[in-house]
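Observations on chain architecture
One-letter residues, chain by chain:
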Amino acid sequence: MPPKSRFTKKEIISAALDITREEGFRAVTARALGTKLDSSPKVIFGLFTNMEELQGEVLKAANELYQSYLQEDMAAGKYPPYKASGMAYIRFAKEETELFKLLFMRTRTKKEAEQPSDEMDEILALIQKNTGLTAEQALYFHLEMWVFVHGIATMLATSYLELDTETISAMLTDMYMGLKARFQESEENTWTPSKP
């Protein structure tokens with residue numbers, strides 16, 4: 001039977017997040033956690049059934065941190081809500097590079113990849129309200145916009161390039177306005193997007 005832990009689950013998850021930030025998610029092992037906590041690796045298994053359970057909790061904690069970025073940027077009012085969500089995503093990639101890679105640059109199951117429908121519905125409703133597009137067009141608009149946002153975030157997270165916040169903001173505005181004009185022009189010509 002594993003020894004009684006002198007740490008809480010929260011402390012162990014926090015240590016695992018720190019290891020992920022420093023060395024990447026693959027570095028999160030029982031031995032690494034034991035070293036980080038100055039304890040035996042066995043102490044982890046007093047609170048978690050196995051490493052998979054702990055890794056699942058680390059994913060949840062990383063996502064909670066990402067959600068706090070979204071909430072903070074959207075509440076700040078510096079940008080319109082839809083743009084704020086993109087700016088938060090990119091800021092998370094710059095400031096929490098390894099956690100960004102863990103959440104958004106790994107192979108996921110189809111279930112993991114699906115966005116909660118409530119969240120997606122809110123995004124699409126926001127796009128429709130701001131652009132006058134149909135629900136189907138709003139979906140494709142969001143897909144194109146998000147591929148662009150993810151590209152910037154990925155290039156920053158992998159040190160492919162460095163951009164300041166003002167440049168990123170201008171690029172997102174340019175992409176948004178360009179897409180909006182194209183979709184609205186296409187709507188007048190009864191254009192419908194092809195399936196991805």
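Our structure is the block above this text.
Just so we're clear, the structure is a prediction, and the values are computed from it rather than from any experiment. (Residues numbered from 1 in each chain as written. Predicted model: local features only at pLDDT ≥ 70, side-chain atom pairs only at ≥ 80, totals over all residues. Heavy atoms only, no water.)

**Quick notes on the overall build of the chain**
Along its length, the chain carries 9 helices and 0 strands. Expressed as a percentage of the 196 residues in the chain, the buried residues total 38%. Of all intrachain contacts in the chain linking residues separated by at least 6 positions in sequence, the fraction that spans at least 24 positions is 65%. Here the chain has roughly 11,700 Å² of accessible surface; of this, 54% comes from carbon and sulfur atoms. (Helix = DSSP H or I, 4+ residues; strand = E, 2+ residues; numbered from the N terminus. Buried < 20%, exposed > 50% of the residue type's maximum accessible area, 1.4 Å probe, protein only. Contact = heavy atoms within 4.5 Å. Areas by Shrake-Rupley, 256 points an atom, 1.4 Å probe, with all protein chains shown as cover.)

**Describing the nonpolar core**
Of all hydrophobic cores here, the largest spans 58 residues; its most connected members are Leu33 and Leu54. Of all elements in the fold, only helix H1 (9-23), helix H2 (30-36), helix H3 (51-76), helix H4 (81-95), helix H5 (97-104), helix H7 (117-131), helix H8 (135-157) and helix H9 (165-188) reach the threshold of two or more residues within this core. For Leu33, the contacting residues outside a window of four places in its chain are Ile12, Ala15, Ala16, Ile19, Val28, Ile44, Met51 and Leu54. (Core = buried A, V, L, I, M, F, W, Y, C linked by side-chain atoms within 4.5 Å.)

**Some remarks on the packing of aromatic side chains**
Counted according to the given criterion, the structure contains 11 aromatic pairs. Relative to Tyr89, the ring of Tyr66 lies with its centre 6.0 Å away and its plane at 80 degrees, an arrangement referred to as edge-to-face. Taken as a pair, Tyr66 in helix H3 and Tyr89 in helix H4 lie far apart in primary sequence, 23 residues in all. Under the relative-accessibility criterion, Tyr89 is labelled buried at 3%. On the numbers, 5.7 Å between centres and 65 degrees between planes, the contact of Phe141 with Phe183 is edge-to-face. One end of the pair, Phe141, is in helix H8; the other, Phe183, is in helix H9, with 42 residues separating them in the sequence. The burial state of Phe141 is the same as that of Phe183; both residues are buried. (Phe/Tyr/Trp six-rings, centres within 6.5 Å; stacked < 30°, edge-to-face > 60°.)

**A word on the packing of H5 against H8**
Relative orientation of the contacting elements H5 and H8 amounts to 135 degrees, with a least axis distance of 10 Å. Looking at the two axes, H5 sits oblique to H8. Where H5 crosses over H8, the two elements pack in a sense that is left-handed. Contacts from Thr97, Phe100, Lys101 and Phe104 in H5 reach His150, Ala153, Thr154 and Ala157 in H8. Of the residues contributing to the contact of H5 with H8, the split by class is 4 nonpolar, 3 polar and 1 charged. (Axes fitted to C-alpha atoms, helices over the stretch in contact; angles between N-to-C directions. Parallel < 35°, antiparallel > 145°, perpendicular 65-115°, else oblique. Left-handed = near helix turned anticlockwise from the far one by under 90°. Nonpolar A, V, L, I, M, F, W, Y, C, P; charged D, E, K, R; others polar.)

**Section: H5**
Three or more residues of H5 are buried, namely Leu99, Phe100, Leu102, Leu103 and Phe104. Projected onto a plane normal to the axis of H5, the buried residues spread over an arc of 165 degrees and lie on a single side. Packing partners of the buried residues in H5 comprise H1, H3, H4 and H8. (Arc of directions from axis to C-beta.)

**Concerning the side chain of Glu96**
Checked against the element boundaries, Glu96 lands in the loop between H4 and H5. At 2.7 Å, the side chain of Glu96 forms a polar contact with the side chain of Arg21. Among residues more than four places away in sequence, those in contact with Glu96 are Arg21, Leu65 and Tyr69. (Polar contact = N/O pair within 3.5 Å; in protein donor to acceptor, adjacent residues only side chain to side chain.)

**Overview of the pattern of salt bridges**
Evaluated as defined, the whole model comprises 11 salt bridges. Note that Lys9 and Glu53 form a salt bridge whose closest N and O atoms lie 3.7 Å from each other. Highlighted residues: Lys9 in helix H1 and Glu53 in helix H3, separated in sequence by 44 residues. On the basis of relative accessible area, Lys9 is assigned to the partly exposed category, the value being 38%. The class of Glu53 is partly exposed, set by a relative accessible area of 26%. Residues joined by salt bridges that share partners form a network here, namely Glu72, Asp73, Arg91 and Glu95. (Salt bridge = Lys/Arg side-chain N within 4 Å of Asp/Glu carboxyl O.)

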